Amino acid sequence: MSEDILREGLRVGSVFKNEHTLDLSYIPPRLPHREHEYRILTRIFRSLVSEPGSMASKVTIVGSTGVGKTVLARKFCSDLEKICIDKGIRLNSVYINAQEFRGSPHTILTTVASRIIPDIPSRGFSFEEILSFLLKALDDNDCYLLLTLDEVEALLTSKGVKLLISLSRLYEMSMGSKQRVHLILIVRDIEALRNNLSTPILETLQGYVLDLHSYTRSEVYDIVKYRADLAFKYGAISDEALRLVTDICSSSGNIRWAVELLLKAGRYADSVGSRIVLPIHIRAIQQSVVYSIIPVRDNIRNLADHELLLLLAVARISQFSPEEAYFPTGRVEEAYRVVCEEYGVEPKKHTQIWNYMKTLSIAGLIEVKPSSVGYRGKTTLIGLPVQPEVIARSIEDELSRRNFKAMF
Ligand SMILES: Nc1ncnc2c1ncn2[C@@H]1O[C@H](COP(=O)(O)OP(=O)(O)OP(=O)(O)O)[C@@H](O)[C@H]1O
Ligand SMILES: [Mg+2]
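Residues numbered from 1 in each chain as written. Chains lettered and ligands numbered in written order. Predicted model: local features only at pLDDT ≥ 70, side-chain atom pairs only at ≥ 80, totals over all residues.

What about the site of ligand 1?
So, point 1. Near ligand 1 lie 20 residues; those nearest to it are Thr-65, Gly-68, Lys-69, Thr-70 and Ile-255.
So, point 2. When residues of the shell around ligand 1 are traced back to their parent elements, those giving at least two are helix H3 (69-87), helix H9 (217-231) and helix H11 (255-271).
So, point 3. Here the residues of the shell around ligand 1 sort into 9 nonpolar, 6 polar and 5 charged.
So, point 4. Each of domain 1 (35-211) and domain 2 (217-290) accounts for three or more of the residues forming the shell around ligand 1. (Near = placed C-beta within 6 Å. Helix = DSSP H or I, 4+ residues; strand = E, 2+ residues; numbered from the N terminus. Nonpolar A, V, L, I, M, F, W, Y, C, P; charged D, E, K, R; others polar. Domains from an automatic or database assignment.)

Structural data, given as C-alpha coordinates:
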(Lines give C-alpha, C1' and ligand atoms only; values in the text may rest on other atoms or scores of the structure.)
(Ligands and ions follow the chains in the order given, each with its own letter.)
Protein backbone atom coordinates (compact mmCIF):
# COMPACT_ATOMS: atom_id res chain seq x y z
CA MET A 1 0.00 0.00 0.00
CA SER A 2 2.64 2.57 1.11
CA GLU A 3 4.81 1.44 -1.81
CA ASP A 4 1.90 2.17 -4.16
CA ILE A 5 1.57 5.68 -2.70
CA LEU A 6 5.31 6.23 -3.14
CA ARG A 7 5.20 5.01 -6.73
CA GLU A 8 2.18 7.20 -7.47
CA GLY A 9 3.87 10.18 -5.81
CA LEU A 10 7.00 9.79 -7.91
CA ARG A 11 4.77 9.68 -10.96
CA VAL A 12 3.12 13.05 -10.29
CA GLY A 13 3.04 14.93 -13.53
CA SER A 14 3.24 11.78 -15.61
CA VAL A 15 0.51 10.20 -17.72
CA PHE A 16 1.77 6.74 -16.67
CA LYS A 17 0.83 4.73 -13.64
CA ASN A 18 2.78 1.62 -14.75
CA GLU A 19 5.06 2.43 -17.64
CA HIS A 20 6.82 -0.97 -17.46
CA THR A 21 3.61 -2.72 -18.57
CA LEU A 22 4.42 -1.42 -22.06
CA ASP A 23 7.84 -3.13 -22.11
CA LEU A 24 7.90 -5.72 -24.86
CA SER A 25 8.96 -8.43 -22.40
CA TYR A 26 6.04 -7.71 -20.03
CA ILE A 27 3.45 -10.48 -19.85
CA PRO A 28 0.00 -9.02 -19.15
CA PRO A 29 -2.41 -10.77 -16.74
CA ARG A 30 -4.89 -11.36 -19.58
CA LEU A 31 -4.59 -11.81 -23.33
CA PRO A 32 -7.88 -10.55 -24.74
CA HIS A 33 -8.96 -12.39 -27.91
CA ARG A 34 -6.48 -15.21 -27.40
CA GLU A 35 -8.59 -17.13 -24.88
CA HIS A 36 -9.59 -19.72 -27.49
CA GLU A 37 -5.98 -20.45 -28.44
CA TYR A 38 -5.00 -20.58 -24.76
CA ARG A 39 -7.71 -23.23 -24.23
CA ILE A 40 -6.32 -25.28 -27.13
CA LEU A 41 -2.86 -25.19 -25.51
CA THR A 42 -4.44 -26.32 -22.26
CA ARG A 43 -5.95 -29.34 -24.01
CA ILE A 44 -2.65 -30.20 -25.72
CA PHE A 45 -0.65 -30.08 -22.47
CA ARG A 46 -3.33 -31.58 -20.20
CA SER A 47 -1.65 -35.00 -20.00
CA LEU A 48 1.56 -33.37 -18.72
CA VAL A 49 -0.35 -32.58 -15.53
CA SER A 50 -2.85 -35.45 -15.38
CA GLU A 51 -0.50 -38.28 -16.38
CA PRO A 52 3.07 -36.93 -16.51
CA GLY A 53 5.33 -38.91 -18.82
CA SER A 54 2.47 -40.61 -20.67
CA MET A 55 3.02 -38.71 -23.91
CA ALA A 56 5.09 -35.91 -25.41
CA SER A 57 3.01 -32.77 -26.00
CA LYS A 58 4.03 -30.72 -29.02
CA VAL A 59 2.62 -27.67 -30.71
CA THR A 60 3.75 -25.30 -33.44
CA ILE A 61 2.42 -21.75 -33.08
CA VAL A 62 2.23 -19.85 -36.35
CA GLY A 63 1.06 -16.36 -37.30
CA SER A 64 2.29 -13.10 -38.72
CA THR A 65 4.32 -10.55 -36.83
CA GLY A 66 2.89 -8.97 -33.68
CA VAL A 67 -0.15 -11.28 -33.36
CA GLY A 68 0.91 -12.50 -29.92
CA LYS A 69 2.74 -15.80 -30.62
CA THR A 70 5.55 -15.13 -28.16
CA VAL A 71 3.40 -13.63 -25.42
CA LEU A 72 0.85 -16.45 -25.66
CA ALA A 73 3.54 -19.12 -25.36
CA ARG A 74 5.35 -17.34 -22.51
CA LYS A 75 2.18 -16.75 -20.55
CA PHE A 76 0.99 -20.31 -21.03
CA CYS A 77 4.37 -21.76 -19.96
CA SER A 78 4.62 -19.59 -16.86
CA ASP A 79 1.04 -20.51 -15.83
CA LEU A 80 1.74 -24.19 -16.46
CA GLU A 81 4.93 -24.05 -14.40
CA LYS A 82 2.99 -22.62 -11.44
CA ILE A 83 0.34 -25.36 -11.67
CA CYS A 84 3.05 -28.03 -11.85
CA ILE A 85 4.69 -26.63 -8.70
CA ASP A 86 1.31 -26.91 -6.90
CA LYS A 87 0.94 -30.50 -8.09
CA GLY A 88 4.49 -31.50 -7.19
CA ILE A 89 5.47 -32.07 -10.86
CA ARG A 90 9.03 -30.99 -11.61
CA LEU A 91 8.66 -29.01 -14.82
CA ASN A 92 11.50 -26.91 -16.21
CA SER A 93 10.22 -24.43 -18.75
CA VAL A 94 13.01 -23.13 -20.99
CA TYR A 95 12.42 -20.35 -23.50
CA ILE A 96 14.91 -19.87 -26.31
CA ASN A 97 14.69 -17.25 -29.02
CA ALA A 98 16.67 -18.87 -31.83
CA GLN A 99 17.21 -15.51 -33.51
CA GLU A 100 19.20 -14.31 -30.50
CA PHE A 101 21.52 -17.33 -30.86
CA ARG A 102 21.94 -16.73 -34.57
CA GLY A 103 24.27 -19.20 -36.19
CA SER A 104 24.91 -21.23 -33.08
CA PRO A 105 22.58 -24.20 -32.55
CA HIS A 106 25.29 -25.71 -30.35
CA THR A 107 25.02 -22.79 -27.91
CA ILE A 108 21.23 -23.20 -27.94
CA LEU A 109 21.51 -26.83 -26.97
CA THR A 110 24.14 -26.30 -24.26
CA THR A 111 22.06 -23.41 -22.86
CA VAL A 112 19.00 -25.69 -22.64
CA ALA A 113 21.05 -28.53 -21.14
CA SER A 114 22.71 -26.23 -18.58
CA ARG A 115 19.26 -25.43 -17.14
CA ILE A 116 18.90 -29.14 -16.25
CA ILE A 117 22.60 -30.01 -15.73
CA PRO A 118 24.17 -26.79 -14.38
CA ASP A 119 27.80 -27.97 -14.68
CA ILE A 120 27.64 -29.36 -18.24
CA PRO A 121 30.77 -28.37 -20.24
CA SER A 122 29.95 -25.96 -23.04
CA ARG A 123 32.25 -27.68 -25.57
CA GLY A 124 33.38 -31.09 -26.73
CA PHE A 125 30.11 -32.96 -27.19
CA SER A 126 27.92 -33.65 -30.21
CA PHE A 127 24.20 -32.75 -30.31
CA GLU A 128 23.31 -36.42 -29.74
CA GLU A 129 25.62 -36.73 -26.75
CA ILE A 130 24.25 -33.60 -25.11
CA LEU A 131 20.68 -34.80 -25.72
CA SER A 132 21.36 -38.19 -24.17
CA PHE A 133 22.94 -36.49 -21.08
CA LEU A 134 19.83 -34.34 -20.93
CA LEU A 135 17.45 -37.30 -21.09
CA LYS A 136 19.42 -39.12 -18.42
CA ALA A 137 19.42 -36.09 -16.10
CA LEU A 138 15.66 -35.67 -16.58
CA ASP A 139 15.14 -39.36 -15.74
CA ASP A 140 17.49 -39.29 -12.74
CA ASN A 141 15.73 -36.25 -11.26
CA ASP A 142 12.22 -37.24 -12.36
CA CYS A 143 11.96 -33.90 -14.22
CA TYR A 144 10.16 -32.72 -17.34
CA LEU A 145 11.36 -30.18 -19.85
CA LEU A 146 9.04 -27.80 -21.68
CA LEU A 147 11.17 -26.30 -24.43
CA THR A 148 9.91 -23.27 -26.35
CA LEU A 149 11.90 -22.54 -29.49
CA ASP A 150 10.85 -19.12 -30.77
CA GLU A 151 11.70 -17.69 -34.21
CA VAL A 152 12.58 -21.15 -35.51
CA GLU A 153 13.22 -19.57 -38.93
CA ALA A 154 16.70 -18.75 -37.60
CA LEU A 155 17.39 -22.49 -37.31
CA LEU A 156 16.63 -23.23 -40.93
CA THR A 157 20.30 -23.20 -41.88
CA SER A 158 22.27 -26.38 -42.54
CA LYS A 159 23.67 -26.39 -38.96
CA GLY A 160 20.34 -25.41 -37.43
CA VAL A 161 18.44 -28.12 -39.27
CA LYS A 162 20.89 -30.65 -37.81
CA LEU A 163 19.81 -29.55 -34.33
CA LEU A 164 16.15 -30.05 -35.25
CA ILE A 165 16.97 -33.50 -36.65
CA SER A 166 18.75 -34.40 -33.41
CA LEU A 167 15.75 -33.16 -31.42
CA SER A 168 13.48 -35.45 -33.41
CA ARG A 169 15.89 -38.37 -32.68
CA LEU A 170 15.49 -37.61 -29.02
CA TYR A 171 11.87 -38.73 -29.35
CA GLU A 172 13.04 -42.00 -30.96
CA MET A 173 15.58 -42.44 -28.14
CA SER A 174 12.91 -42.06 -25.47
CA MET A 175 10.36 -44.37 -27.12
CA GLY A 176 9.01 -46.92 -24.68
CA SER A 177 10.13 -44.92 -21.64
CA LYS A 178 8.67 -41.83 -19.96
CA GLN A 179 8.15 -38.85 -22.25
CA ARG A 180 10.02 -36.04 -20.59
CA VAL A 181 10.51 -33.47 -23.35
CA HIS A 182 7.62 -31.27 -24.46
CA LEU A 183 7.95 -28.83 -27.28
CA ILE A 184 6.55 -25.50 -28.45
CA LEU A 185 7.88 -24.28 -31.79
CA ILE A 186 7.08 -20.75 -32.93
CA VAL A 187 7.40 -19.72 -36.55
CA ARG A 188 5.79 -16.96 -38.63
CA ASP A 189 5.25 -19.08 -41.72
CA ILE A 190 4.78 -22.84 -41.45
CA GLU A 191 5.83 -23.19 -45.11
CA ALA A 192 9.39 -22.28 -44.06
CA LEU A 193 9.45 -25.43 -41.88
CA ARG A 194 7.79 -27.57 -44.55
CA ASN A 195 10.32 -26.47 -47.16
CA ASN A 196 13.35 -27.18 -44.99
CA LEU A 197 12.53 -30.31 -43.03
CA SER A 198 11.82 -33.79 -44.36
CA THR A 199 8.31 -35.14 -43.73
CA PRO A 200 9.29 -37.62 -40.97
CA ILE A 201 11.24 -34.95 -39.04
CA LEU A 202 8.40 -32.45 -39.47
CA GLU A 203 5.82 -35.01 -38.34
CA THR A 204 7.86 -35.82 -35.25
CA LEU A 205 8.42 -32.21 -34.22
CA GLN A 206 5.51 -30.03 -35.27
CA GLY A 207 2.59 -31.59 -33.33
CA TYR A 208 -0.63 -29.58 -33.42
CA VAL A 209 -0.39 -26.49 -35.65
CA LEU A 210 -1.95 -23.56 -33.80
CA ASP A 211 -2.57 -20.78 -36.28
CA LEU A 212 -3.03 -17.35 -34.68
CA HIS A 213 -5.36 -15.32 -36.90
CA SER A 214 -4.60 -11.62 -37.41
CA TYR A 215 -6.68 -9.47 -35.07
CA THR A 216 -9.73 -7.72 -36.50
CA ARG A 217 -10.09 -3.96 -36.08
CA SER A 218 -12.38 -4.24 -33.07
CA GLU A 219 -10.07 -6.80 -31.46
CA VAL A 220 -7.12 -4.44 -31.96
CA TYR A 221 -9.14 -1.69 -30.26
CA ASP A 222 -9.97 -3.91 -27.26
CA ILE A 223 -6.32 -4.91 -26.83
CA VAL A 224 -5.05 -1.34 -27.24
CA LYS A 225 -7.60 -0.18 -24.64
CA TYR A 226 -6.64 -2.97 -22.26
CA ARG A 227 -2.91 -2.26 -22.55
CA ALA A 228 -3.55 1.49 -22.14
CA ASP A 229 -5.63 0.85 -18.98
CA LEU A 230 -2.75 -1.13 -17.49
CA ALA A 231 -0.19 1.55 -18.31
CA PHE A 232 -1.84 4.96 -18.02
CA LYS A 233 -3.54 6.78 -15.16
CA TYR A 234 -7.31 6.92 -15.36
CA GLY A 235 -8.33 9.40 -18.08
CA ALA A 236 -4.70 10.06 -19.12
CA ILE A 237 -5.24 8.97 -22.72
CA SER A 238 -8.13 10.14 -24.86
CA ASP A 239 -10.40 7.72 -26.65
CA GLU A 240 -9.60 9.52 -29.92
CA ALA A 241 -5.93 8.67 -29.33
CA LEU A 242 -6.80 4.99 -28.68
CA ARG A 243 -8.87 4.89 -31.86
CA LEU A 244 -6.04 6.47 -33.81
CA VAL A 245 -3.58 3.82 -32.56
CA THR A 246 -6.17 1.23 -33.61
CA ASP A 247 -6.46 2.77 -37.08
CA ILE A 248 -2.71 2.84 -37.53
CA CYS A 249 -2.24 -0.78 -36.47
CA SER A 250 -5.36 -2.56 -37.63
CA SER A 251 -4.39 -3.08 -41.26
CA SER A 252 -1.39 -5.14 -40.15
CA GLY A 253 -2.88 -6.38 -36.84
CA ASN A 254 0.60 -5.85 -35.39
CA ILE A 255 0.09 -5.22 -31.68
CA ARG A 256 3.81 -4.71 -31.12
CA TRP A 257 3.56 -1.47 -33.08
CA ALA A 258 0.50 -0.45 -31.02
CA VAL A 259 2.29 -1.11 -27.70
CA GLU A 260 5.33 0.83 -28.91
CA LEU A 261 3.17 3.75 -30.05
CA LEU A 262 1.43 3.91 -26.65
CA LEU A 263 4.76 3.88 -24.79
CA LYS A 264 6.49 6.46 -26.96
CA ALA A 265 3.43 8.74 -27.21
CA GLY A 266 3.06 8.62 -23.39
CA ARG A 267 6.72 9.58 -22.93
CA TYR A 268 6.32 12.32 -25.50
CA ALA A 269 3.20 13.68 -23.75
CA ASP A 270 5.20 13.70 -20.48
CA SER A 271 8.10 15.51 -22.12
CA VAL A 272 5.87 18.32 -23.41
CA GLY A 273 4.06 18.57 -20.07
CA SER A 274 0.68 17.29 -21.28
CA ARG A 275 -1.44 15.52 -18.65
CA ILE A 276 -3.24 13.54 -21.32
CA VAL A 277 -2.06 11.59 -24.36
CA LEU A 278 -3.77 13.08 -27.42
CA PRO A 279 -3.87 12.12 -31.11
CA ILE A 280 -1.25 14.80 -31.78
CA HIS A 281 1.24 12.88 -29.60
CA ILE A 282 0.48 9.62 -31.40
CA ARG A 283 0.92 11.41 -34.73
CA ALA A 284 4.25 12.87 -33.62
CA ILE A 285 5.58 9.38 -32.88
CA GLN A 286 4.09 7.87 -36.03
CA GLN A 287 5.65 10.67 -37.99
CA SER A 288 9.08 10.28 -36.38
CA VAL A 289 9.05 6.70 -37.66
CA VAL A 290 7.27 7.29 -40.97
CA TYR A 291 9.29 10.43 -41.62
CA SER A 292 12.45 8.48 -42.12
CA ILE A 293 10.68 6.42 -44.79
CA ILE A 294 8.76 9.15 -46.61
CA PRO A 295 10.88 12.16 -47.44
CA VAL A 296 8.05 14.64 -46.81
CA ARG A 297 10.00 17.64 -48.05
CA ASP A 298 10.63 15.98 -51.44
CA ASN A 299 6.95 15.09 -51.68
CA ILE A 300 5.99 18.68 -50.98
CA ARG A 301 8.18 19.95 -53.80
CA ASN A 302 6.28 17.71 -56.22
CA LEU A 303 2.85 19.03 -55.28
CA ALA A 304 0.79 21.44 -57.38
CA ASP A 305 0.04 24.88 -55.86
CA HIS A 306 -3.50 24.07 -54.74
CA GLU A 307 -2.47 20.69 -53.37
CA LEU A 308 -0.01 22.60 -51.19
CA LEU A 309 -2.72 25.03 -50.08
CA LEU A 310 -5.09 22.18 -49.25
CA LEU A 311 -2.42 20.31 -47.27
CA LEU A 312 -1.61 23.53 -45.40
CA ALA A 313 -5.32 23.77 -44.52
CA VAL A 314 -5.26 20.22 -43.07
CA ALA A 315 -2.08 21.05 -41.13
CA ARG A 316 -3.64 24.23 -39.71
CA ILE A 317 -6.79 22.52 -38.40
CA SER A 318 -4.71 19.65 -36.96
CA GLN A 319 -2.56 22.26 -35.22
CA PHE A 320 -5.51 24.11 -33.74
CA SER A 321 -7.48 20.98 -32.71
CA PRO A 322 -4.82 18.67 -31.24
CA GLU A 323 -7.51 16.65 -29.42
CA GLU A 324 -8.99 15.46 -32.75
CA ALA A 325 -7.43 12.91 -35.09
CA TYR A 326 -9.71 13.36 -38.11
CA PHE A 327 -11.70 16.17 -39.65
CA PRO A 328 -14.76 16.04 -41.92
CA THR A 329 -14.09 17.19 -45.50
CA GLY A 330 -16.48 20.16 -45.03
CA ARG A 331 -14.17 21.60 -42.35
CA VAL A 332 -11.10 20.95 -44.47
CA GLU A 333 -12.68 22.76 -47.44
CA GLU A 334 -13.57 25.72 -45.24
CA ALA A 335 -10.01 25.90 -43.91
CA TYR A 336 -8.72 25.62 -47.51
CA ARG A 337 -10.81 28.65 -48.55
CA VAL A 338 -9.35 30.62 -45.62
CA VAL A 339 -5.82 29.66 -46.70
CA CYS A 340 -6.60 30.71 -50.31
CA GLU A 341 -7.84 34.05 -49.01
CA GLU A 342 -4.66 34.43 -46.96
CA TYR A 343 -2.53 33.93 -50.09
CA GLY A 344 -4.88 35.97 -52.32
CA VAL A 345 -5.78 33.15 -54.73
CA GLU A 346 -9.13 31.99 -56.05
CA PRO A 347 -10.16 28.68 -54.36
CA LYS A 348 -10.95 25.70 -56.61
CA LYS A 349 -14.34 23.99 -56.77
CA HIS A 350 -15.44 20.94 -54.76
CA THR A 351 -14.71 18.27 -57.45
CA GLN A 352 -11.24 19.66 -58.04
CA ILE A 353 -10.54 19.73 -54.30
CA TRP A 354 -11.56 16.07 -54.13
CA ASN A 355 -8.96 15.21 -56.80
CA TYR A 356 -6.29 17.00 -54.78
CA MET A 357 -7.27 14.97 -51.74
CA LYS A 358 -6.80 11.77 -53.72
CA THR A 359 -3.31 12.84 -54.80
CA LEU A 360 -2.34 13.78 -51.23
CA SER A 361 -3.67 10.48 -49.95
CA ILE A 362 -1.73 8.46 -52.54
CA ALA A 363 1.43 10.38 -51.60
CA GLY A 364 0.80 9.30 -47.97
CA LEU A 365 0.53 12.94 -46.86
CA ILE A 366 -3.05 12.65 -45.63
CA GLU A 367 -5.23 9.77 -44.52
CA VAL A 368 -8.77 9.45 -45.88
CA LYS A 369 -11.43 7.29 -44.26
CA PRO A 370 -15.23 7.11 -44.17
CA SER A 371 -16.91 8.53 -41.08
CA SER A 372 -18.25 6.19 -38.42
CA VAL A 373 -21.06 6.68 -35.96
CA GLY A 374 -21.00 9.98 -34.16
CA TYR A 375 -21.00 12.18 -37.24
CA ARG A 376 -24.29 13.44 -38.64
CA GLY A 377 -24.86 11.80 -42.01
CA LYS A 378 -22.07 10.14 -43.96
CA THR A 379 -18.94 12.07 -44.64
CA THR A 380 -15.32 11.42 -45.38
CA LEU A 381 -12.72 12.14 -42.74
CA ILE A 382 -9.24 13.48 -43.27
CA GLY A 383 -6.26 12.95 -40.95
CA LEU A 384 -2.66 14.11 -41.06
CA PRO A 385 -0.09 11.37 -40.37
CA VAL A 386 2.76 13.84 -39.87
CA GLN A 387 3.36 16.52 -37.26
CA PRO A 388 1.34 19.60 -38.33
CA GLU A 389 3.87 22.26 -37.23
CA VAL A 390 6.65 20.67 -39.25
CA ILE A 391 4.61 20.19 -42.40
CA ALA A 392 3.01 23.66 -42.16
CA ARG A 393 6.46 25.25 -41.99
CA SER A 394 7.73 23.25 -44.97
CA ILE A 395 4.66 24.22 -47.04
CA GLU A 396 4.99 27.89 -46.13
CA ASP A 397 8.67 27.78 -47.19
CA GLU A 398 7.74 26.09 -50.45
CA LEU A 399 4.94 28.60 -51.15
CA SER A 400 7.28 31.52 -50.63
CA ARG A 401 9.85 29.82 -52.92
CA ARG A 402 7.06 29.84 -55.53
CA ASN A 403 6.45 33.55 -54.91
CA PHE A 404 3.18 33.18 -53.04
CA LYS A 405 2.84 36.01 -50.54
CA ALA A 406 0.68 35.76 -47.43
CA MET A 407 -1.65 38.81 -47.30
CA PHE A 408 -2.14 38.65 -43.49
N1 LIG B 1 -4.12 -10.50 -27.08
C2 LIG B 1 -3.22 -9.66 -26.59
N3 LIG B 1 -3.45 -8.99 -25.44
C4 LIG B 1 -2.53 -8.15 -24.92
N5 LIG B 1 -1.34 -7.90 -25.48
C6 LIG B 1 -1.04 -8.54 -26.65
C7 LIG B 1 -1.95 -9.46 -27.25
N8 LIG B 1 -1.40 -9.93 -28.39
C9 LIG B 1 -0.20 -9.35 -28.50
N10 LIG B 1 0.04 -8.54 -27.45
C11 LIG B 1 1.23 -7.71 -27.22
O12 LIG B 1 1.72 -7.31 -28.50
C13 LIG B 1 3.15 -7.32 -28.56
C14 LIG B 1 3.59 -8.27 -29.67
O15 LIG B 1 3.25 -9.60 -29.32
P16 LIG B 1 4.28 -10.80 -29.57
O17 LIG B 1 5.67 -10.34 -29.30
O18 LIG B 1 3.79 -11.97 -28.83
O19 LIG B 1 4.08 -11.00 -31.15
P20 LIG B 1 4.67 -12.16 -32.09
O21 LIG B 1 3.50 -12.78 -32.77
O22 LIG B 1 5.57 -13.02 -31.31
O23 LIG B 1 5.46 -11.28 -33.17
P24 LIG B 1 6.81 -11.67 -33.97
O25 LIG B 1 6.45 -12.65 -35.03
O26 LIG B 1 7.24 -10.37 -34.58
O27 LIG B 1 7.79 -12.21 -32.97
C28 LIG B 1 3.61 -7.76 -27.17
O29 LIG B 1 3.88 -6.59 -26.42
C30 LIG B 1 2.40 -8.48 -26.60
O31 LIG B 1 2.36 -8.40 -25.18
MG1 LIG C 1 7.62 -13.27 -31.28
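Thoughts on the pairing of strand E3 (residues 143-150)
So, point 1. Burial analysis of E3 places 7 of its 8 residues in the buried class, which makes it a mostly covered element.
So, point 2. For the crossover from E3 across helix H6 (residues 158-173) to strand E4 (residues 181-187), the handedness is right-handed. (Buried ≥ 20, exposed ≤ 12 C-beta atoms within 10 Å, placed from the backbone. Right-handed = clockwise from strand over helix to strand, strands pointing away.)

Quick look at the nonpolar core
So, point 1. In terms of nonpolar packing, the biggest core is built from 61 residues, with Val-245, Leu-262 and Leu-311 touching the most fellow members.
So, point 2. Elements with a contribution of two residues or more to this core: H9, helix H10 (239-250), H11, helix H12 (279-290), helix H14 (305-320), helix H15 (329-342), helix H16 (350-362) and helix H17 (388-401).
So, point 3. When residues are assigned to domains, this core turns out to be shared by domain 2 (217-290) and domain 3 (296-401), each giving three or more.
So, point 4. Excluding its chain neighbours within four sequence positions, the residues that come into contact with Val-245 are Val-224, Ala-258, Leu-261, Leu-262 and Ile-282.
So, point 5. In terms of nonpolar packing, the next biggest core, distinct from the first, is built from 47 residues, Leu-48, Leu-145, Leu-163 and Leu-197 among them. (Core = buried A, V, L, I, M, F, W, Y, C linked by C-beta atoms within 7 Å. Contact = placed C-beta atoms within 7 Å.)

Here we look at helix H5 (residues 127-140)
So, point 1. Between its first and last C-alpha, H5 extends 20 Å over 14 residues, near the 20 Å set by a 1.5 Å rise per residue.
So, point 2. On its buried side, H5 packs onto helix H4 (105-116), E3 and H6.
So, point 3. Downstream of H5 by one or two residues, Asp-142 has phi in the positive range, about 50°. (Expected span 1.5 Å × (residues − 1).)

Considerations on the environment of Thr-157
So, point 1. As for its position among the elements, Thr-157 is in the loop between E3 and H6.
So, point 2. Sequence spacing of Thr-157 and Asn-196 is 39 residues, and the spatial spacing of their C-alpha atoms is 8.6 Å.

Quick look at unusual backbone geometry
So, point 1. Even without being a glycine, His-33 presents a positive backbone phi close to 70°.
So, point 2. Tracing the sequence through the fold places His-33 in the loop between helix H1 (2-10) and helix H2 (35-50).
So, point 3. The exposure class of His-33 is buried, given the 20 C-beta atoms found within 10 Å.
So, point 4. Phi angles above zero are rare outside glycine, and Asp-142 is one such case at about 50°.

A closer look at the sheet that holds strand E5 (residues 208-211)
So, point 1. Pairing within the open sheet is parallel, and its 5 strands lie in the order E2-E3-E4-E1-E5. Sheet topology places strand E2 (90-97) and E5 at the edges, where each strand pairs with a single neighbour. The sheet shows a mean angle of 15° between the axes of neighbouring strands, taken without regard to direction.
So, point 2. Examined bridge by bridge, E3 and E4 share 5 bridges and lie parallel to one another. Residue pairing across strands places Leu-145 opposite Val-181, the latter belonging to E4. (Pairing = 2+ DSSP bridges. Axes fitted to C-alpha atoms, helices over the stretch in contact; angles between N-to-C directions.)

Let's talk about the domain arrangement of the chain
In many reports, interface size means the accessible area that the parts give up when they come together.
So, point 1. In terms of domain boundaries, the chain breaks down into domain 1 (35-211), domain 2 (217-290) and domain 3 (296-401).
So, point 2. Placing the centre of domain 1 and that of domain 3 at their C-alpha centroids yields a distance of 53 Å.

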